[in-house]
Amino acid sequence: MREQLGGGGAGPPPPRFGDVVRYRTREELMRALAANDDTALDILRPRLTRLRPDAGWVEDELDGGALPPGEWWVVDPAEGNVNHLHALPEWAVTATLVRENKPVLTAVHLPLTGETYTALTGAGAHLDDRPLHVSRTTDLGLSIVATSQARPDEDEKVVRRVGSSITAMLFDALVVRTSVPATLHLLNVAAGRIDAFWQFAGARADLLPGALLVTESGGRISDAEGRPWTPQSESFLATAPGVHTQAVAALSR
C-alpha cells in the first residue's frame with residue numbers, strides 16, 4: 001500500500017500545495033476543501049478498489065459510529081485539509097481497511113516528507129521500514145501530551161469538555177499540544193515522540209488509522225474513562241502503557 005499512496009522518499013511538494021488559498025465565506029471554504037479531497041480521491045479510489053474489490057467505501061470522512069458488517073475502506077484523502085489550504089505542513093493522506101468495525105490495515109502518507117506509516121494487525125507498525133514503539137515513560141508529569149479539535153461546529157457541551165480537559169492536563173502533564181489533525185498526533189504516540197493523545201467525539205477517519213498504529217506499537221487505546229474504545233465511543237485516548245492510568249485520572253476529574 002505504501003506504493004499506492006506514493007511512498008518512497010521525499011520529493012518536490014505536491015503541485016496543489018504551497019500558496020495560501022483565500023476564502024471569504026463558509027461556502028468558499030467548503031469548495032476549496034472538496035477540491036483537494038476530489039483530486040486525491042481520483043487517484044486513491046480506483047487503486048484501493050483494485051486491492052480489495054469487495055470492500056465497501058465510506059463516502060464521508062466526517063462520519064462517525066459503527067459501520068455495517070464486512071470490509072470497508074475508510075479514507076481521508078487530505079486529513080488536515082484546512083492546514084493544506086493555509087500552506088501549513090501538518091496534513092496527510094490516510095487509508096484504513098476496517099473489518100467488522102476493527103481496523104486491520106492502515107497506511108498514512110506524509111507527502112511533504114515522503115514518510116509512510118503503516119500497521120497491520122499482528123504484524124506491528126512501521127515508519128517506512130523501521131519498527132515503531134511507544135515511549136516507556138511512566139510519569140505523566142514528565143510527558144508531552146496532545147489533543148485535537150474534532151470539528152469546528154462541535155456541540156457546545158463537547159467544546160466545554162475539551163477546554164476543561166486541556167486545563168486538567170496543563171496541571172498534570174509537562175507540555176500540552178493542541179492542533180489538528182488527530183492522526184499526526186497519533187503517529188507521534190506510536191513513534192514514542194509524545195506520550196498521550198485524547199479527543200472527544202470525532203470521526204472514524206480521524207481515529208482509526210492512529211488507533212491501529214498505536215496498538216501495534218505497544219500502546220493503550222481506550223475511551224477517556226478507561227473503557228474499551230469503539231467507533232461509537234464519545235471519547236478516545238491513546239497512550240504509552242506507563243501513563244494510561246494517570247491520563248484517565250486527569251481526564252476524569
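Refer to the structure presented above.
Residues numbered from 1 in each chain as written. Predicted model: local features only at pLDDT ≥ 70, side-chain atom pairs only at ≥ 80, totals over all residues. Heavy atoms only, no water.

J.: In this structure, what is going on with the pattern of salt bridges? I would like to understand it.
T.: Taken as a whole and judged by the stated rule, the model has 8 salt bridges. The shortest N-O distance in the salt bridge between Arg 52 and Glu 71 comes to 2.8 Å. Here the residue Arg 52 occupies a position in the loop between helix 1 (26–51) and strand 1 (56–57), and Glu 71 occupies one in strand 2 (residues 71–79), the gap between them amounting to 19 residues. The class for Glu 71 is buried, based on a relative accessible area of 19%. Its salt-bridge partner being Arg 160, residue Glu 156 comes within 2.9 Å of it at the nearest N-O pair. (Salt bridge = Lys/Arg side-chain N within 4 Å of Asp/Glu carboxyl O. Helix = DSSP H or I, 4+ residues; strand = E, 2+ residues; numbered from the N terminus. Buried < 20%, exposed > 50% of the residue type's maximum accessible area, 1.4 Å probe, protein only.)

J.: Can you help me understand empty space enclosed by the protein in this one?
T.: It is a probe the size of a water molecule, rolled over the atoms, that shows where empty space is left. Counted under the stated rule, the structure contains 1 cavity of 30 Å³ or more. Within this model, the largest cavity holds a volume of roughly 70 Å³. Around the largest cavity, the lining comprises 13 residues; the ones closest to its centre are Gly 202, Leu 207, Trp 229, Pro 231 and Ser 233. Of all the secondary-structure elements, those providing two or more residues to the lining of the largest cavity are helix 5 (204–216) and strand 12 (235–239). The class makeup of the residues in the lining of the largest cavity is 6 nonpolar, 6 polar and 1 charged. (1 Å grid on protein atoms, 1.4 Å probe; cavity = no way out; pocket = protein on both sides within 12 Å on 5 of 7 lines; lining within 4 Å. Points joined across faces, edges and corners; volume = space filled by probe spheres on them. Nonpolar A, V, L, I, M, F, W, Y, C, P; charged D, E, K, R; others polar.)

J.: Is there a simple way to think about the pairing of strand 2 in this case?
T.: Residues in a regular strand project their side chains so that they alternate between the two faces of the sheet. Judged by how many residues are buried, strand 2 sits mostly within the fold: 9 of 9 residues are covered. Direction of pairing for strand 1 relative to strand 2: parallel, over a ladder of 2 bridges. Counterpart to Trp 57 in the pairing with strand 2 is Trp 73. By the bridge criterion, 7 bridges tie strand 2 to strand 3 (residues 92–99) in an arrangement that is antiparallel. When the sheet's bridge partners are listed, Asp 76 is paired in strand 3 with Thr 94. (Pairing = 2+ DSSP bridges.)

J.: Looking at this model, I keep getting lost on the side chain of Ser 135. Mind explaining?
T.: Here Ser 135 lies in the loop between strand 7 (130–131) and strand 8 (144–147). Separated by 2.5 Å, the side chains of Ser 135 and Asp 195 make a polar contact. (Polar contact = N/O pair within 3.5 Å; in protein donor to acceptor, adjacent residues only side chain to side chain.)

J.: Is there a simple way to explain the environment of Thr 113 in this structure?
T.: Checked against the element boundaries, Thr 113 lands in the loop between strand 4 (102–110) and strand 5 (115–120). Exposure remark for Thr 113: the relative accessible area of 38% places this residue in the partly exposed category. Along the primary structure Thr 113 and Ala 250 are separated by 137 residues, whereas in three dimensions their C-alpha atoms are 34 Å apart. Among the polar contacts made by the side chain of Thr 113, one reaches the main-chain amide nitrogen of Glu 115 at a distance of 3.2 Å.

In short, the description is geometric, and any link to function would need to be established separately.
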